[in-house]
Amino acid sequence: MAGAPGAAQRAWPAVLVLEDGTTFHGTGFGAHGETFGEMVFNTGMTGYQETLTDPSYCRQIVAMTAPHIGNTGVNDEDPESRRIWVSGYVVREPSRITSSWRARRSLDEELAAQGVPGIAITGTRALTRRLRDRGVMRAAISAGPADPEELLQRVLASPQMAGADLAREVSTREPYQVRPPQGVDIRYRVAAVDLGIKAATPAAMAARGCLVQVLPAMSAGAEILAVGPDGVFFSNGPGDPAAAEYAVAAMREVLAASVPVFGICLGSQILGRALGLGTYKLRFGHRGVNQPVKDLATGRVQITSHNHGFAVAPPGGDAAGAAPLAPFDTPFGRAQVSHVNLNDGVVEGIRLLDASAFSVQFHPEAAPGPHDAAGEFDAFCALMEGEGHAQA
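Structure report, in brief. Model, not experiment: these values are computed from the prediction.

**What to know about unusual backbone geometry**
- In this structure, the amide linkage connecting Gly144 to the following residue, Pro145, adopts the cis form with an omega of -5 degrees.
- Summarising the element assignment, Pro145 is placed in the loop between strand S9 (137-143) and helix H4 (148-156).
- For the bond from Ala367 to Pro368, the omega torsion is 0 degrees, close enough to zero to count as cis.
- Here Pro368 shows up in the loop between strand S20 (357-360) and helix H10 (375-387).

**Some remarks on the packing of aromatic side chains**
- Taken as a whole and assessed by the stated rule, the structure comprises 5 aromatic pairs.
- Judged by centre distance (4.5 Å) and plane angle (15 degrees), the ring pair of Phe262 and Phe358 falls under stacked. Pair noted here: Phe262 is in strand S14 (residues 261-264) and Phe358 is in strand S20, with a separation of 96 residues, a long-range link.
- You can call Phe262 buried: its relative accessible area is 0%.
- Overall, Phe358 belongs to the buried group, its relative accessible area being 10%.
- An aromatic cluster is present here, built from Phe233, Phe262, Phe358, Phe377 and Phe380 joined pairwise through their rings.
- Sitting over the face of the ring of Trp85, Arg83 holds its NZ or CZ atom 3.9 Å from the ring centroid.
- The residue whose ring lies beneath Lys281 is Phe310, and the NZ or CZ to ring-centre distance is 5.6 Å.

**Considering helix H9 (residues 266-274)**
- The buried fraction of H9 amounts to 8 of the 9 residues, a majority that puts the element mostly inside the structure.
- For H9, every residue scored as buried is listed here: Leu266, Gly267, Ser268, Gln269, Ile270, Leu271, Gly272 and Ala274.
- Downstream of H9 by a residue or two, Gly276 has a phi angle that is positive, lying close to 100 degrees.

**Quick look at the layout of surface pockets**
- Approximately 240 Å³ is the volume attributed to the largest pocket.
- Forming the walls of the largest pocket are 17 residues, and the residues nearest its centre are Thr46, Gly47, Tyr48, Gln49 and Thr72.
- Looking at the lining of the largest pocket, the elements that each hand over two or more residues are helix H1 (48-52) and strand S5 (68-69).
- Within the lining of the largest pocket, the residues separate by chemical class into 4 nonpolar, 10 polar and 3 charged.

**Description of helix H8 (residues 245-256)**
- Here H8 spans 17 Å end to end across 12 residues, near enough to the 16 Å set by a 1.5 Å rise per residue.
- Within H8, the full set of buried residues consists of Tyr246, Ala247, Val248, Ala250, Met251, Val254 and Leu255.
- Just past H8, the residue Ser258 takes up positive phi, approximately 60 degrees.

**Regarding the side chain of Ser235**
- Mapping Ser235 onto the fold places it in the loop between strand S13 (231-234) and H8.
- At a separation of 3.4 Å, a polar atom in the side chain of Ser235 contacts the main-chain amide nitrogen of Gly196.
- In this structure, Ser235 is in contact with Val193, Asp194, Leu195, Gly196, Ile197, Ile264, Leu266 and Gly267, ignoring residues within four places of it in sequence.

**Notes on a positive patch on the surface**
- A contiguous patch of positive charge, built from Arg125, Arg129, Arg132 and Arg283, is present on the exposed surface.
- Considering every element that reaches the positive patch, the biggest residue donor is helix H3 (residues 124-134), with 3 residues.
- Along the chain, Arg129 falls in helix H3.
- For Arg129, a relative accessible area of 48% gives the class partly exposed.

**So, a nonpolar patch on the surface**
- A cluster of nonpolar residues, Val301, Ile303 and Leu342, forms a patch on the protein surface that exposes about 230 Å² of accessible area.
- Following the sequence through the fold, Leu342 ends up in the loop between strand S18 (333-341) and strand S19 (347-352).

**So, the environment of Pro260**
- Note on placement: Pro260 falls in the loop between H8 and S14.
- Among the residues examined, Pro260 registers a relative accessible area of 2% and is labelled buried.
- For the pair Pro260 and Ala11, spaced 249 residues apart in sequence, the C-alpha to C-alpha distance is 52 Å.

**Examining the nonpolar core**
- Ranked by internal contacts, the top residues of the largest apolar core, which has 36 residues, are Leu16, Met39, Tyr89, Val90 and Leu127.
- The contact partners of Met39, leaving out residues within four places of it in the chain, are Leu16, Leu18, Ile61, Val62, Ala63, Val90, Leu127, Leu131, Val136, Met137, Arg138 and Ala139.
- Listed in part, the 35 residues of the second largest apolar core include Val193, Ala250, Val261 and Val340.

**Some points on the pairing of strand S15 (residues 279-295)**
- Summarising burial for S15: 13 of the 17 residues are buried, a large majority.
- For S15 and strand S16 (residues 301-312), the ladder comprises 10 bridges, and the chain directions are antiparallel. Residue Pro292 lies in a different strand from S16, and its bridge partner there is Ile303.
- Counting the residues that bridge the hairpin from S15 to S16 gives 5 residues, and of these Gly299 lies at a positive phi of roughly 80 degrees.
- The pairing of S15 with S18 spans 3 bridges and is classified as antiparallel. Of the residues in S18, the one forming a bridge with Val293 is Asn341.

The rules we used
Counting from 1, residues in each chain are numbered in the order their sequence is written. Where totals are concerned, whole chains, interfaces and linings use all residues; where local detail is concerned, this predicted model gives features only for residues with pLDDT of at least 70, and gives and counts side-chain atom pairs only at 80 or more. Remark: hydrogens and water are excluded; side-chain values derive from all non-hydrogen atoms of the structure. Working definition: helices are DSSP H or I runs of at least four residues, strands are E runs of at least two. Numbering for both runs from the N terminus. Ring geometry is summarised as follows: Phe, Tyr and Trp rings, the Trp one being its six-membered ring, pair when their centres sit within 6.5 Å, and such pairs are stacked at plane angles under 30 degrees, edge-to-face over 60 and tilted between the two. Partly exposed residues are those whose accessible area sits between 20% and 50% of the maximum for their type, while under 20% is buried and over 50% is exposed, using a 1.4 Å probe and protein chains only. We call a charge positioned over a ring when the NZ of a Lys or the CZ of an Arg lies within 6 Å of the ring centre and within 35 degrees of the ring normal. Only protein atoms enter the 1 Å grid used here. Points where a 1.4 Å probe fits but cannot escape make up a cavity, open sets with protein on both sides within 12 Å along at least five of seven lines make up a pocket, and a residue lines them when an atom lies within 4 Å of a point. Grid points are joined across faces, edges and corners, and a volume is the space filled by probe spheres set on the points. Think of it as three bins: nonpolar holds Ala, Val, Leu, Ile, Met, Phe, Trp, Tyr, Cys and Pro, charged holds Asp, Glu, Lys and Arg, and polar takes everything else, Gly as well. Each helix should span, by expectation, one fewer than its residue count multiplied by 1.5 Å. Distance and chemistry together define a polar contact, namely a pair of N or O atoms within 3.5 Å, with one atom able to donate a hydrogen and the other to accept it when in protein, and with adjacent residues in sequence counting only for side-chain atoms on both sides. Whether two residues are in contact is decided by their heavy atoms: any pair within 4.5 Å suffices. Put simply, a patch holds well-exposed residues, over 30% relative accessible area, that have no salt bridge, with like charges counted together within 9 Å and Val, Leu, Ile, Met, Phe, Trp or Tyr side chains within 5 Å. Computed with a 1.4 Å probe, the accessible areas rest on the Shrake-Rupley method; for each residue, only the protein chains presented here act as cover. Put simply, a salt bridge is a Lys or Arg side-chain nitrogen that is within 4 Å of an Asp or Glu carboxyl oxygen. In this charge count, Lys and Arg are treated as positive and Asp and Glu as negative; neither His nor the chain ends contribute. Here the site of a charge means NZ on Lys, CZ on Arg, CG on Asp, or CD on Glu. We define the nonpolar core as a collection of buried residues of types Ala, Val, Leu, Ile, Met, Phe, Trp, Tyr and Cys that are connected through side-chain atoms lying within 4.5 Å of one another. A pair of strands is considered paired only if DSSP assigns at least 2 bridges between the two.

Printed below as a string of structure tokens:
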């Protein structure tokens, strides 16, 4: 019953083991079992349901830095995809009470129903500091009793995120459409390549008059262009962009066809690689809703939502560093770094100067997160407007 205390939470001993041997003992919740994945942390204080269902978290164990998670339970309106994608969930204190009229289930019940183990530990701050100092690493959650040494050996044998091609794993298998809401005319036709798309993204475009045809990650350039789009969108998603060469090849075909392009998150990294830039793995990534990003053209600073562990290398190198502001040459004309992260200087956006294409590393759909960057969708529509577009 919404607003009433949730079902009594079960409790059992559990252990979290990192690949450097660091061990945290705590209390299990959600599914009773064992899971492996890359250990990362998220600094958002709200939006845990959107975080859990974000496909970009595929094969990752997520720790929340906010201390109290689960207060508003789980509803049927906020999921960003068809399932929970995180491999495991780490919190300081899972809420024992669900307090929202929208709630249908408790967080504990939802994790259990979808087979996702969770662990409550008092050391979420220590865990986060460890990951910031040493970098993200593989980990495991196991219901007790568990031998940490034996579990560590299995963590060390588990897959790494570098080199992982996960976009095809999370993507839709069949194309589908997202239409504008009632009363909104169709102004543009968008082909959206689903590398791990969140439901809020095509909804944001549809609200602006886009008829969005969502296509599988493996779609070739010819298949994308066969939709007859006014613009092509490459979505967020999980894994190493260097392993998604099929998406890079498709991006190059679309760019060669001079169709407007917009990419976010993994889609931004795919654009970077299509232009000849490198990508690299960040030490602990950007995951949260409070990342300051500067638009270099206007000087405006936006507070943005992020979820990525890889980034585009600055022009002229494959390592992190201050992003050169001067235009650089690509096979598709001149390009320029358009945005940078004010915390660490990471490239946060790319813009082609001689073609209608741009990308941002952050999430303008803001699910969850602030709405500072929602105008990026308007910029995409303006590109399509300039190229000629579908009539209602």
